[in-house]
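# Reading the structure
Here is what each chain is made of, one letter per residue.
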Amino acid sequence: MIKEKVLQINGLCNQFRIDLIKLLHSIQTGHPGGSLSSAEIITALYSEIMYYNHYDPNNPDRDRFVLSKGHAAPMLYLNLAHNHFFPKEDLKTLRQLGSHLQGHPCAHKTPGIDVSTGPLGLGLSAGLGIALAGRLQRRSYYTYVLLGDGEIQEGGIWEAAMSAVKFQADHLIVFLDHNGVQLDGTNEEIMPMGDICWKFSSFGWNVLTCNGHDVEEIVNAVEKAKKTKNIPTIIVAETVKGKGVSFMDGKNIWHGKAISAVDCELALKELGGALNG
Amino acid sequence: MGEMIAIRDAYGDALQKLGAVNSDVVVLEADAGSSSKSILFSKKYPERYFNVGIAELNMTAMAAGFALGKMIPFVNTFAAFMTTRASDPIGSLIAYDNLNVKLCGTYSGLSDSYDGASHNSISDLAYVTSLPNMTVISVCDAVETEKAVFAAARWEGPVYLRLSRAPAEVIFDWDYQFVIGKGVKLLKGEDATIIATGYMVQKSMIAAEMLKKQGIYTTVVDLHTFKPIDRDLIVACAKETGCMVVAEEHSVHGGLGSTVAKVVTEEYPVPMEFVGINQFAESGDYEALLHKYHLDADEITRAVRKAISRKR
């Protein structure tokens, strides 16, 4: 991957973090923590990895993205707006009456959303179905799914994990946003998941790891995944909940807390943005 | 009396026939293919058959993915498990995004009789009927089953197709024009209307015969589609006969009775009686169970006489 591109995506991620803090502050609702932890994964997908065309968002050959941890919707919306799926002005309508930008991704309202999500634990199955449909139709697209680490406590994830191996879904590439924190506390406090890599590996998956805030590592992991035939890949991406804002780092309270004016200013100072900028 | 054919056998045959003419159809199964008879499809089209094991939630969410990938998934398992274990993806994915998924719940009502109440499905219709975008169909015989399978495949959007395990007398011939959303008047009489669905259609025909011998003439309607509901037919029947009985192999709460009563109270209130189930059943012979839990022709005739007595 060329260095300029890495720098460009890093710059974009920082801008998205600034925009996200301002946006969630302005509407006083939404989930900052999990949006910040997934910034590099989602942005690398939309800026480097995935094939799509915003003029033709339903092109049958496009790569698909399933934000299974649907509460990170704001980070996805920032990427879609940046890539011209809808006007940036729409962002300020997030979660408001009449907006196409729902609190959780809605495929029938927002251009560029491939699957509606929100109830946790369904995105892996849906992504698997999309991937298998592509294979039956002899299309070469990839289906990317982003799972939360709290989300994998849902039993349906493991039903899907078995099926993806049985049906040899090698065009299914899954990221796990491993930030270690969920709504009520850390994963360790709420429901320790043990060795996640081993769990998926024992289910028959190709398991890769990366630093989920390192764009180059993310892109390289996907390249490796694409070379793996006949089994699905999960890339366990080590991340930090609230990444980029020191007082949000690893704090479960920032899963879905409204951002006050004081906190907004502090966060923007760290990120190098200004409230009116 | 017409030929007896099990609805599940008719369904399995129909699905296999559909597979031959529509290559977009994929079939998902949760390890009940020998029961649902989706296994017949797997023999002919193994590449389009996905048995996910005992994992109804995953199966149904996968079906949403297949529909998003422009295939037409037919999802199979016991109605009891489909609408409970998989209620989340049925609501949040399939109905919400109006996805082209066909949910085929088999062994509905008490038809899985020896397995007992745990395998009965008496609340499935209450859930699926409450979902926006969902089309709900419940069939009564082998002909209607095959017609409904093909109609569901042609229909754009999610369909819940309610199927029975049990043998049922064939009452339609192959000229039958099955139209989603349009009920069928099987008998015409001026004293009362019986609106029925599933196997209660056959029971209602027997009840009508019994009533006729007592000089009571009933209209009998096979209302195979719950949603969209055939308002015009229901209102016309209410006007023509002045009272109504609804019979279904489902809880009296939230099923066909509730749906028809809503139309009647909104448009043309008449006395109504409801034949359905109000408690958990038990293991046993199917016909004996239906009798014990008041889902038979005797009960329908009682309800009809009561409805008539309430006419002013």
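Residues numbered from 1 in each chain as written. Chains lettered and ligands numbered in written order. Predicted model: local features only at pLDDT ≥ 70, side-chain atom pairs only at ≥ 80, totals over all residues. Heavy atoms only, no water.

Moving on to the layout of surface pockets. Empty space within the largest pocket amounts to approximately 570 Å³. Along the wall of the largest pocket there are 27 residues; nearest its centre are A:Asn58, A:Arg62, B:Leu68, B:Lys70 and B:Leu99. Of the residues assigned to the lining of the largest pocket, the class counts are eleven nonpolar, nine polar and seven charged. What the second largest pocket holds in volume is close to 250 Å³. Residue composition of the lining of the second largest pocket, grouped by class: four nonpolar, eight polar and five charged. (1 Å grid on protein atoms, 1.4 Å probe; cavity = no way out; pocket = protein on both sides within 12 Å on 5 of 7 lines; lining within 4 Å. Points joined across faces, edges and corners; volume = space filled by probe spheres on them. Nonpolar A, V, L, I, M, F, W, Y, C, P; charged D, E, K, R; others polar.)

Residue and element names in this part refer to chain B. Structurally, Thr218 can be placed in strand 11 (residues 218-222). In this structure Thr218 comes out as buried when scored by relative accessible area, which is 5%. Leaving out residues up to four positions away in the same chain, Thr218 has contacts with Leu187, Lys188, Gly189, Ala192, Ile194, Ala208, Leu211 and Val304. (Helix = DSSP H or I, 4+ residues; strand = E, 2+ residues; numbered from the N terminus. Buried < 20%, exposed > 50% of the residue type's maximum accessible area, 1.4 Å probe, protein only. Contact = heavy atoms within 4.5 Å.)

All names here are of chain B. Scanning all chains against the criterion turns up two cavities of 30 Å³ or more. Computed from the structure, the largest cavity encloses a volume of approximately 130 Å³. Lining the largest cavity are 17 residues, with Ser108, Val139, Ser164, Gly198 and Tyr199 positioned closest to its centre. Both of domain 1 (4-169) and domain 2 (184-309) provide at least three residues apiece to the lining of the largest cavity. (Domains from an automatic or database assignment.)

Residue and element names in this part refer to chain B. Strand order in the open sheet formed by seven strands is 3-2-4-5-7-6-12, and the pairing between neighbours is mixed. Lying at the two open borders of the sheet, with one neighbouring strand each, are strand 3 (49-51) and strand 12 (225-227). Adjacent strand axes in the sheet meet at a mean angle of 20° when their direction is disregarded. (Pairing = 2+ DSSP bridges. Axes fitted to C-alpha atoms, helices over the stretch in contact; angles between N-to-C directions.)

It is worth spelling out the side chain of A:Asp170 at this point. All names here are of chain A. With respect to the helices and strands, the residue Asp170 is situated in the loop between helix 6 (155-166) and strand 3 (172-178). Buried charge Asp170 goes without a salt bridge, the closest partner of opposite sign being Lys229 at 5.3 Å. With near-sequence residues (within four places) excluded, Asp170 lies in contact with Tyr142, Thr228, Lys229, Asn230, Ile231 and Pro232. (Lys, Arg positive; Asp, Glu negative; His and termini not counted. Salt bridge = Lys/Arg side-chain N within 4 Å of Asp/Glu carboxyl O.)

Residues and elements named next belong to chain B. A sheet is described by the order of its strands in space; here five strands give the open sequence 9-11-10-13-14, paired in mixed fashion. The sheet is open, and its two edges are formed by strand 9 (184-187) and strand 14 (272-277), each paired on a single side. Here the average twist between neighbouring strands, direction ignored, is 25°. Strand contacts of helix 13 (residues 297-309): strand 10 (192-196), strand 11, strand 13 (244-251) and strand 14, with the helix running at about 160° to strand 14, the strand carrying the most contacts.

A separate point is the nonpolar core. Nonpolar side chains tend to gather and get buried jointly when the protein is soluble and globular. Membership of the largest hydrophobic core comes to 82 residues, with the highest contact counts inside it found for A:Leu172, B:Met244 and B:Val260. Among the elements that make up this core, the one with the highest residue count is helix 4 (residues 56-68) of chain B (nine residues). Both domain 1 (4-169) and domain 2 (184-309) of chain B contribute no fewer than three residues apiece to this core. Setting aside residues up to four positions removed in sequence, A:Leu172 forms contacts with A:Leu124, A:Gly127, A:Leu128, A:Ala131, A:Thr143, A:Val145, A:Ala164, A:Trp205, A:Pro232 and A:Thr233. Ranked by size, the runner-up nonpolar core spans 64 residues in total, among them B:Leu110, B:Val201, B:Leu211 and B:Cys243. (Core = buried A, V, L, I, M, F, W, Y, C linked by side-chain atoms within 4.5 Å.)

Looking now at unusual backbone geometry. For the peptide bond that leads from B:Lys227 to B:Pro228, omega is -5°, which places it in the cis range. Its location among the elements puts B:Pro228 in the loop between strand 12 and helix 10 (231-241). The phi angle at A:Arg95 is positive, at roughly 65°, despite the residue not being glycine. As for its placement among the helices and strands, A:Arg95 is situated in the loop between helix 4 (73-82) and helix 5 (123-136). What makes A:Arg95 partly exposed here is its relative accessible area of 28%. Even without being glycine, B:His294 reaches a positive phi, approximately 60°. The residue B:His294 is located in the loop between helix 12 (286-292) and helix 13 in this model. Owing to a relative accessible area of 41%, B:His294 belongs among the partly exposed residues under this scheme.

Two numbers describe how helix 5 of chain A lies on helix 4 of chain B: the axes approach to 6 Å, and their chain directions differ by 45°. As summarised for this structure, helix 5 of chain A and helix 4 of chain B are arranged oblique, according to the angle between their axes. Where helix 5 of chain A crosses over helix 4 of chain B, the handedness of that crossing is right-handed. Contact residues: helix 5 of chain A offers A:Ser125, A:Ala126, A:Leu128, A:Gly129, A:Ile130, A:Leu132, A:Ala133 and A:Leu136, while helix 4 of chain B offers B:Asn58, B:Ala61, B:Met62, B:Gly65, B:Phe66 and B:Leu68. Looking at the contact of helix 5 of chain A with helix 4 of chain B, its residues break down into ten nonpolar, four polar and no charged. (Parallel < 35°, antiparallel > 145°, perpendicular 65-115°, else oblique. Left-handed = near helix turned anticlockwise from the far one by under 90°.)

Our focus in this paragraph is the interface of chain B and chain A. Contact residues are listed per partner, giving 24 residues for chain B and 27 residues for chain A. Carbon and sulfur atoms make up 66% of the surface buried where chain B meets chain A, a total of about 2,000 Å² over both sides. The largest share of the area that chain B buries against chain A comes from B:Asn58, B:Leu68 and B:Tyr96, three residues that together contribute 24% of it. One can count zero salt bridges joining chain B with chain A. Looking at the side of chain B that touches chain A, the elements with two or more residues in it are strand 3, helix 4 and helix 6 (87-95) of chain B. If you tally residues by element for the side of chain B that touches chain A, the top one is helix 4 of chain B, at eight residues. (Buried area = accessible area lost by both parts, 1.4 Å probe.)

To continue, consider the pattern of salt bridges. All names here are of chain B. What the rule picks out here adds up to 19 salt bridges over all chains. Between Lys203 and Glu287 there is a salt bridge whose closest N-O contact spans 2.6 Å. Of this pair, Lys203 sits in helix 9 (residues 200-213) while Glu287 sits in helix 12; the two residues are 84 residues apart in sequence, bridging distant segments of the chain. The buried category is assigned to Lys203, whose relative accessible area is 9%. Judged by relative accessible area, Glu287 falls into the partly exposed class, the value being 34%.

Residue and element names in this part refer to chain B. At their nearest, the axes of helix 10 and helix 11 (residues 256-267) sit 10 Å apart, and the two run at 65° to each other. The handedness of the crossing between helix 10 and helix 11 is right-handed. Where helix 10 approaches helix 11, its residues Arg231, Ile234 and Val235 are matched on the opposing element by Val260, Val263, Val264, Glu266 and Glu267. Class assignment for the residues of the contact of helix 10 with helix 11 results in five nonpolar, no polar and three charged.

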